[in-house]
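# Reading the structure
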Amino acid sequence: MISNQELKTQACAAIDARHDDIISIGETIMRNPETGFREIKTERLVADTMQAIGLECQTGLAITGVKSKVTGSSDGPTLALIGELDSLRISDHPFADPETAAAHACGHNAQIAGMLGSAMGLLQGNVLPHLGGSVVFIAVPAEEMIEVGYRLGLREEGRIEFLTGKAEFIRLGHFDDVDMALMCHTKNDKVASHVANSSNGAIIKKIRFLGRASHAGARPQDGINALNAANLAMTAIALLRETFNDEDTIRIHPIITKGGEAVSAVPAEVVIETFVRGRTLEGIVDANRKVDRAARGAAMAIGASVEIETTPGYLPQTNDPTMSGLWGQNVKSLYGQDQFFIEEHRTGSTDMGDLGHIMPVTHPYIFGASGTGHGNDYLMEDKEAVYVNMAKLLAMTAIDVLGDNSRKGREILSSVRPKLTKEEYLQFNRDLMQTTRFTPDTE
């Protein structure tokens, strides 16, 4: 039997042979950014690349997702290697699309390059015949929670139910044949890689205050100022912060997306959008209730009506320690013993947390980016790290999980109890998704 180390050597050699191709994939996606559920060009690039290396794939999953499954020589678990298709919108990013403002300022282009590079390594390195179980290569749309209005429109049209790609993949059954999952993000750091044990989840809120328009100079007393209600609500939310438990790491960060129609008119419609983030489901639900209360109280004080639309965003994430440890050992083999660390918690959010509620996952980070994540200066600086070495680490960790007759993979599955079944997950999200209205004059 070929050892896991020999298989890793073969996979890495095959990835090195496709070095320039892998970097080209990442850079091509960087220069052709597309936002969530619009990733048509990126979907085509992924599908064409998969087919070119001998993979059969499904396309059009959750609108733009791609999936390909390959099986080893014996039965065993199925591991998904995941990349995300979508970009952000940052108009002044150097690689922003001039028409849509789409820009890869989070490194998803590197994820796709790494995922496809790992497929090259496992297939062309003749590794698959020595693995137990299966590997699924998945390109998922719409991880970034942006363009909420557009996604709500897709929901109204019946094209999606949930607003993120992994939630839609879960709903549609595209993870039904997957037992565990791995993906990697880029970062700007001096240490090669790290993983957080957990991260925040998030609920998405759209709060619409409705007042009454009137001439702002001549007859403001005849109006009901929806902007005043919105400002009062944001002040109330800010003043609630001392009521949150520190260990829940609650983050609420509203913005006004519509502030009125004209300076000369009392604003009759004002819209706030915000995330309600937290470390636990209980903390998020509590904070969400308090935000709703603040919005209703502000509406009552000003005499406006308020419509509160609540949408599930991301569940809190917990990473599997065994998978994280396997990743870390591979990082150390490439970069050195001091080049991997484990962080206790991070307050950002990802829909990998949704997947982590129904199966073991890990979501590490690799260095090589420069600038600030989600900023106009975020770039893939060390292309060897973010594209090629990400591919190697994904492939090497897949070998650890599924090599040796998938011994480690079986151990992981035998020791982990999912937090939710698929049915419980879907029901939780559907219960959370609601629109409520409050009018002071009638309540």
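Please refer to the structure placed before this passage.
All of these numbers come straight from a predicted model, not from anything done at the bench.

Although it is not a glycine, Glu 147 sits at a positive phi angle of roughly 50°. Within the secondary structure, Glu 147 is located in the loop between strand 6 (132–140) and helix 5 (148–156). Located in the positive-phi region is Asn 405, a residue other than glycine, with phi close to 55°. Along the chain, Asn 405 falls in helix 11 (residues 383–415). According to the relative accessible area criterion, Asn 405 is partly exposed, its value standing at 41%.

The next subject is the side chain of Ser 324. In this structure, Ser 324 sits in helix 9 (residues 321–335). On the basis of relative accessibility, which here comes to 5%, the residue Ser 324 falls in the buried class. One polar contact links Ser 324 to Thr 362, side chain to side chain, over a distance of 2.6 Å. In contact with Ser 324, not counting residues within four places along its chain, are Val 195, Asn 319, Phe 340 and Thr 362.

Once that is clear, we can look at helix 6 (residues 165–172). Across the eight residues that make up helix 6, a large majority, six, are buried. Of the residues making up helix 6, those classed as buried are Gly 165, Lys 166, Ala 167, Glu 168, Phe 169 and Ile 170. Summarising the contacts, the buried residues of helix 6 are in contact with strand 1 (58–61), strand 2 (65–71), strand 3 (74–84), strand 6, helix 10 (352–356) and helix 12 (422–432). Of the residues flanking the end of helix 6, it is Gly 173, one or two places downstream, whose phi is positive at about 90°.

What follows is about helix 2 (residues 19–30). Every α-helix carries 3.6 residues per turn, so stepping three or four residues along brings you back to the same face. Between its first and last C-alpha, helix 2 extends 17 Å over twelve residues, near the 16 Å set by a 1.5 Å rise per residue. Within helix 2, burial applies to Ile 22, Ile 23, Ile 25, Gly 26, Glu 27, Ile 29 and Met 30. The inward-facing, buried residues of helix 2 contact helix 1 (4–17), helix 3 (40–52), helix 4 (108–124), strand 19 (379–380) and helix 11.

This brings us to empty space enclosed by the protein. Scanning the entire structure with this criterion turns up three cavities of 30 Å³ or more. Surrounding the largest cavity, 13 residues form its lining, Ile 203, Tyr 314, Leu 315, Phe 428 and Leu 432 being those nearest its centre. Of all the elements in the fold, those that place two or more residues in the lining of the largest cavity are strand 9 (193–210), helix 8 (281–302), strand 13 (305–314) and helix 12. Tallied by class, residues from the lining of the largest cavity come to ten nonpolar, two polar and one charged. Looking at the second largest cavity, its volume works out to about 40 Å³.

Under the criterion given, the structure shown has two aromatic pairs. Ring plane angle 55° and centroid distance 5.7 Å describe the contact between Phe 169 and Phe 175, whose orientation is recorded as tilted. Phe 175 matches Phe 169 in its accessibility class, with the two residues each being buried. An angle of 85° between the planes, with centres 5.2 Å apart, marks the rings of Tyr 335 and Phe 367 as edge-to-face. Note that Tyr 335 is positioned in helix 9 and Phe 367 in the loop between strand 17 (365–366) and strand 18 (369–370), a separation of 32 residues in sequence. Relative accessible area serves as the criterion here: at 25%, Tyr 335 is assigned to the partly exposed category. Sitting over the face of the ring of Tyr 150, Arg 38 holds its NZ or CZ atom 3.5 Å from the ring centroid.

So, about the pattern of salt bridges. Any two side chains of opposite charge can pair, on the condition that their charged atoms come close. Taken as a whole and judged by the stated rule, the model has 30 salt bridges. The partner of Lys 392 in a salt bridge is Asp 16, with the nearest N and O atoms 2.8 Å apart. In this pair, Lys 392 sits in helix 11 while Asp 16 sits in helix 1, placing the two residues 376 residues apart along the sequence. Classification of Lys 392 as buried rests on a relative accessible area of 9%. The partly exposed category is assigned to Asp 16, whose relative accessible area is 39%. Residue Glu 411 is joined to Lys 408 by a salt bridge in which the shortest nitrogen-to-oxygen separation is 3.6 Å. Here Glu 411 and its partner Lys 408 are both found in helix 11, three residues apart, which amounts to about one turn of the helix. Lys 408 gets classed as partly exposed once you look at its relative accessible area, which sits at 24%. Overlapping salt bridges, with partners in common, bring together Arg 208, Lys 258, Glu 261, Glu 269, Glu 307 and Arg 437 in one network.

Scoring rules and cut-offs
Residues numbered from 1 in each chain as written. Predicted model: local features only at pLDDT ≥ 70, side-chain atom pairs only at ≥ 80, totals over all residues. Heavy atoms only, no water. Helix = DSSP H or I, 4+ residues; strand = E, 2+ residues; numbered from the N terminus. Buried < 20%, exposed > 50% of the residue type's maximum accessible area, 1.4 Å probe, protein only. Polar contact = N/O pair within 3.5 Å; in protein donor to acceptor, adjacent residues only side chain to side chain. Contact = heavy atoms within 4.5 Å. Expected span 1.5 Å × (residues − 1). 1 Å grid on protein atoms, 1.4 Å probe; cavity = no way out; pocket = protein on both sides within 12 Å on 5 of 7 lines; lining within 4 Å. Points joined across faces, edges and corners; volume = space filled by probe spheres on them. Nonpolar A, V, L, I, M, F, W, Y, C, P; charged D, E, K, R; others polar. Phe/Tyr/Trp six-rings, centres within 6.5 Å; stacked < 30°, edge-to-face > 60°. Lys NZ or Arg CZ within 6 Å of the ring centre and 35° of its normal. Salt bridge = Lys/Arg side-chain N within 4 Å of Asp/Glu carboxyl O.

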